[in-house]
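Residues per chain are reported as follows:
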Protein chains: 2
Amino acid sequence: MSRLIAVDWGSSSFRAYLVESTGKLLDTIKSDQGIFNLTRDDIETCFKSQCASWLDKFPQAGVLMSGMVGSRNGLKETQYLPTPCSAKTISLALESVELFDRSVKIVPGLCFIEDEKTSDVMRGEEVQILGAVNKLSNDCELICLPGTHSKWAVVEDGKIRRFSTFASGEMYSTLLSLDLFKGIIFSKSFDKESFQKGLDASFQTAGFLNSIFSGRVKLLSGELDDIHLSSYLSGVIIGYEILSATKIYSSNSKVVIVGSHYLQELYTLAFSHFNIESFCLEPDTTYVSGIYSLAKQNNYF
Amino acid sequence: MSRLIAVDWGSSSFRAYLVESTGKLLDTIKSDQGIFNLTRDDIETCFKSQCASWLDKFPQAGVLMSGMVGSRNGLKETQYLPTPCSAKTISLALESVELFDRSVKIVPGLCFIEDEKTSDVMRGEEVQILGAVNKLSNDCELICLPGTHSKWAVVEDGKIRRFSTFASGEMYSTLLSLDLFKGIIFSKSFDKESFQKGLDASFQTAGFLNSIFSGRVKLLSGELDDIHLSSYLSGVIIGYEILSATKIYSSNSKVVIVGSHYLQELYTLAFSHFNIESFCLEPDTTYVSGIYSLAKQNNYF
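Every chain is numbered independently, its residues counted from 1 as its sequence is written. Both sets of labels track the order of writing: A upward for chains, 1 upward for ligands. Only residues with pLDDT of at least 70 are given local features in this predicted model, and only at 80 or more are side-chain atom pairs given and counted; all residues enter the totals for whole chains, interfaces and linings. Where side-chain values are given, they derive from all heavy atoms of the structure, hydrogens and water being excluded.

As annotated in an unreviewed UniProt entry, chain A is 2-dehydro-3-deoxygalactonokinase from Aliikangiella coralliicola.

1. Side note on the pattern of salt bridges
Residues and elements named next belong to chain A. For this analysis, a salt bridge means a side-chain nitrogen from Lys or Arg found within 4 Å of a carboxyl oxygen belonging to Asp or Glu. All chains considered together, the criterion is met by 14 salt bridges over all chains. Here arginine 161 and glutamate 156 are joined by a salt bridge, their closest N and O atoms 3.6 Å apart. Look at arginine 161 and you get partly exposed, because its relative accessible area is 31%. Between lysine 218 and glutamate 223 there is a salt bridge, and its shortest N-O distance comes to 3.8 Å. Accessibility here uses a 1.4 Å probe with only protein chains present; expressed as a share of the type maximum, an area under 20% marks a residue as buried, one over 50% as exposed, and anything in between as partly exposed.

2. Section: empty space enclosed by the protein
Think of a 1 Å grid over the protein atoms and nothing else: a 1.4 Å probe that fits but is trapped marks a cavity, an open set flanked by protein within 12 Å on at least five of seven lines marks a pocket, and residues with an atom within 4 Å of a point count as lining. Grid points are joined across faces, edges and corners, and a volume is the space filled by probe spheres set on the points. Going through the model one piece at a time under the given rule, you end up with 1 cavity of 30 Å³ or more. Each pocket or cavity is described by its volume, and for the largest cavity that value is around 100 Å³. Taken together, 14 residues line the largest cavity, and the ones lying closest to its centre are Lys117, Thr118 and Ser119 of chain A together with Ala206 and Asn210 of chain B. Listed by contribution, the elements that provide at least two residues to the lining of the largest cavity are strand 9 (119-122) and strand 12 (159-166) of chain A together with helix 7 (208-220) of chain B. Counting from the N terminus, the helices are DSSP H or I runs at least four residues long and the strands are E runs at least two residues long.

3. A few points about the domain arrangement of chain A
All names here are of chain A. Split into domains, chain A comes out as domain 1 (3-137 + 283-297) and domain 2 (166-281). In this entry, domain limits derive from an automatic or database-based domain assignment. Put simply, the middle of domain 1 and the middle of domain 2, counted by C-alpha atoms, are 30 Å apart. Counting residues at the interface gives 6 residues for domain 1 and 7 residues for domain 2. In terms of surface lost to domain 2, no three residues of domain 1 exceed Leu136, Pro283 and Thr286, which account for 68% of the buried area on that side. If you look at where domain 1 meets domain 2, you find 0 salt bridges. Here, residues are in contact when the closest pair of their heavy atoms is within 4.5 Å. Here's the idea: put two parts together, see how much 1.4 Å probe accessible area each one loses, and the total over both is what we call buried area.

4. Points about the relation of the copies chain A and chain B
When chain A is fitted to chain B, the residual RMSD is 0.0 Å, and the transformation amounts to a turn of 180 degrees plus an axial shift of 0.0 Å. Taken together, the rotation and translation relating the two chain copies correspond to the operation of a two-fold axis. Most of the interface of chain A is mirrored in chain B: 100% of its interface residues are interface residues there too. The copies were overlaid with a least-squares fit restricted to C-alpha atoms from residues scoring a pLDDT of at least 70 in each copy.

5. Considering the interface of chain A and chain B
Contacts between chain A and chain B engage 46 residues on the former and 46 residues on the latter. Interface of chain A and chain B: buried area, both sides summed, is about 3900 Å²; carbon and sulfur atoms make up 63% of it. Counting across the chain A and chain B interface gives 0 salt bridges. Under this definition, polar contacts are N or O atom pairs within 3.5 Å; protein pairs additionally need one hydrogen-donor-capable and one acceptor-capable atom, and for neighbouring residues in sequence, both atoms have to be side-chain atoms. For the pair chain A and chain B, the interface holds 13 residue pairs in polar contact (both at pLDDT 80 or more). Of all the elements in the fold, those that place two or more residues in the side of chain A that touches chain B are strand 9, strand 12, helix 5 (168-175), helix 7 (208-220) and helix 8 (229-248) of chain A. The biggest single contributor to the side of chain A that touches chain B is helix 7 of chain A, with 9 residues. Side-chain classes are defined by residue name, with Ala, Val, Leu, Ile, Met, Phe, Trp, Tyr, Cys and Pro counting as nonpolar, Asp, Glu, Lys and Arg as charged, and the others, Gly among them, as polar. Residues of the side of chain A that touches chain B, tallied by class, amount to 20 nonpolar, 12 polar and 14 charged.

6. Quick word on the packing of helix 7 of chain B against helix 8 (residues 229-248) of chain B
Residues and elements named next belong to chain B. For the pair helix 7 and helix 8, interaxial distance at closest approach is 10 Å and the crossing angle is 160 degrees. Classified by the angle their axes make, helix 7 and helix 8 are roughly antiparallel. Between helix 7 and helix 8 lies a crossing whose hand is right-handed. Listed contacts from helix 8 to Phe208, Ser211, Ile212, Ser214, Gly215, Lys218 and Leu219 of helix 7 are Leu229, Tyr232, Leu233, Val236, Ile237 and Tyr240. A class-by-class count of the residues in the contact of helix 7 with helix 8 yields 9 nonpolar, 3 polar and 1 charged. In this analysis an axis means a line fitted to C-alpha atoms, helices contributing only their contacting stretch, and an angle means the value between N-to-C directions, from 0 to 180 degrees. Roughly parallel refers to an angle under 35 degrees, roughly antiparallel to one over 145, roughly perpendicular to one between 65 and 115, and oblique to any angle outside these ranges. Should the near helix be turned counterclockwise from the far one by less than a right angle, the crossing is left-handed, whereas a clockwise turn marks it as right-handed.

7. Observations regarding the packing of aromatic side chains
Classification of ring pairs uses Phe, Tyr and Trp, with its six-membered ring standing for Trp, and accepts pairs whose centres are within 6.5 Å; under 30 degrees between planes counts as stacked, over 60 as edge-to-face, and the remaining range as tilted. Evaluation of the coordinates by the stated rule reveals 18 aromatic pairs over all chains. Look at phenylalanine 203 of chain A and phenylalanine 274 of chain A: their rings are 4.5 Å apart centre to centre, the planes differ by 40 degrees, and that puts the pair in the tilted class. Highlighted residues: phenylalanine 203 of chain A in the loop between helix 6 (192-202) and helix 7 and phenylalanine 274 of chain A in the loop between helix 9 (261-273) and strand 14 (278-281), separated in sequence by 71 residues. Of the residues examined, phenylalanine 203 of chain A reaches a relative accessible area of 38% and is grouped as partly exposed. For phenylalanine 274 of chain A, a relative accessible area of 18% gives the class buried. Residues phenylalanine 208 of chain B and tyrosine 240 of chain B carry aromatic rings whose centres are separated by 5.1 Å and whose planes lie at 45 degrees to one another, so their mutual orientation is tilted. Here phenylalanine 208 of chain B is found in helix 7, whereas its partner tyrosine 240 of chain B is found in helix 8, with 32 residues between them in sequence. A relative accessible area of 5% places tyrosine 240 of chain B in the buried class. One aromatic cluster is present, built from ring pairs that chain together Phe208 and Tyr240 of chain A together with Phe208 and Tyr240 of chain B.

8. Here we look at helix 10 (residues 283-297) of chain A
Residue and element names in this part refer to chain A. Helix span, as expected, comes to 1.5 Å for every residue beyond the first. End to end, helix 10 covers 21 Å across 15 residues, agreeing with the expected 21 Å (1.5 Å per residue, within 8%). Along helix 10, 12 of the 15 residues are buried, which leaves the element largely enclosed by surrounding structure. Along helix 10, the positions that sit buried rather than exposed are Pro283, Asp284, Thr286, Tyr287, Val288, Ser289, Gly290, Ile291, Tyr292, Ser293, Leu294 and Ala295. The N-cap residue of helix 10 is glutamate 282: its side-chain oxygen and the backbone nitrogen of aspartate 284 are 3.2 Å apart. One or two residues past the end of helix 10 sits asparagine 299, with phi positive at roughly 60 degrees.

9. Focus: the nonpolar core
By nonpolar core is meant a set of buried Ala, Val, Leu, Ile, Met, Phe, Trp, Tyr and Cys residues that side-chain atoms within 4.5 Å join together. Core analysis: the largest hydrophobic core is formed by 88 residues, its most contacted members being Trp152, Met171 and Phe208 of chain A together with Trp152, Met171 and Phe208 of chain B. Each residue touching phenylalanine 208 of chain B, except ones within four places of it in the same chain, is listed here: Met171, Phe208, Leu209 and Tyr240 of chain A together with Met171, Val236, Ile237 and Tyr240 of chain B.

10. Brief notes about unusual backbone geometry
Residue and element names in this part refer to chain A. Residue threonine 83 is joined to proline 84 through a cis peptide bond whose omega torsion reads 0 degrees. The residue proline 84 is located in the loop between strand 5 (80-82) and helix 3 (87-92) in this model. The phi angle at asparagine 275 is positive, at roughly 55 degrees, despite the residue not being glycine.

Put into structure tokens, the structure is as follows:
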């Protein structure tokens, strides 16, 4: 029975999946060897060593990769396909690359262009979005993928119509190093009440640059404990992301969250705080569902 | 004739002014010895050495300080006076501190409390705001003090009514170090067109976290040159600050800008881009005007 080796290779992580011709996930390999600090040769070596046992056992397996591996720092810079875009359209645009003696194909990125001022790009997240669509009974949904660069996307008639990126995860890491909060004790432990205070602060009219400063004001006034500052700032950022996204994507349906267990918990709490219905999809099987539909369309099986 | 030694001592800068009893500015001393990295002893030593010639020449001169010197890391932690607040109210709340053999007083900070969710603080900027009020013919104006933590304030009947802080300068320094822009060439030279593109991007509905990411999208699409990224991000931040502030402070009058020459130029350009009338006040003489009115009220002269 034929196999597919699917690789979700981002800037900071490597995730490989061994998939059966039925679409069943057989095995998973994960590491933090992202594309970011690898040379072209490193990428080849890394893939070979990480997936050695699969490659030995299934010499005929097709290889399908997505994510930053398709950027200019990856194996080959693939195009950005314009939305609206279905699994079929994307599967027809897979790009081949020579990687030792294997037939390897890379999923292109997507771009959304509304007008001169509004445009966006993604590379990798489209596979999880397609997977989410496969798993949903209602076709028209709002999908949220929280992370370093959170993506929100609307899917209609099986097509990714529109999406937006929010640099939330990166902003969170950065805020903790601001002079504004220098010398203040941080705690990694999560405090729900402070997180919710942050969510509320994000909805103030004075906007994001003011909401950040409010962290300092609340510390000075004793409204916030210094060990809860990180939870508060996390609430400000996530609240602000949800506020901005729901302005663009007003949806009557539930929001579908696809992300790590930790982020799913935070976002579920935030949606619930704002009385927005949401539910979670497990990210690995969602990815596999998406990449499998691309492989099927492209006659991998 | 008696003299006043006025010190505007912030986190990262020291500015001292020798003022005549008429309010005339006689001499200025500036250094980058901010409060941030000084101990209590360092602060005393720094003041003595920086102002040695004035202290020798005018042993009877009163000393009035403002800014972070009144914080818990400064000479003495002074209170935050609640707004609305006039020069008279503030002058009655000056706090004395023993500094060698001099009578030294420190200007308190201000706090604005609207409700449980909205409050703000300032320490130092209130002096420039009072100075701006002295210099204006129209009493009711919107005042903008751009900087690391930009302040916007509304003054009515000679009283500081309300103010808001935007962590704009700090956000700008931080954005340039994001992974999002890692390895991308930056230029310190200013590009007007890219700055204006950033101003326009800040007004998009998707909000700040999306506008930042748009810098990367515009680089990928070739809409923005990598050497102009810093000008673009500066436009996004300043545009976003103005957008947020004008939502709170809708004003039919001109906006008064008090800031460094460089920031005055940037903000003037931004206001003009948004068809908002503005004009600039020179920061040193504005500070001296404010501190002089406090000294007069407190019977320094």
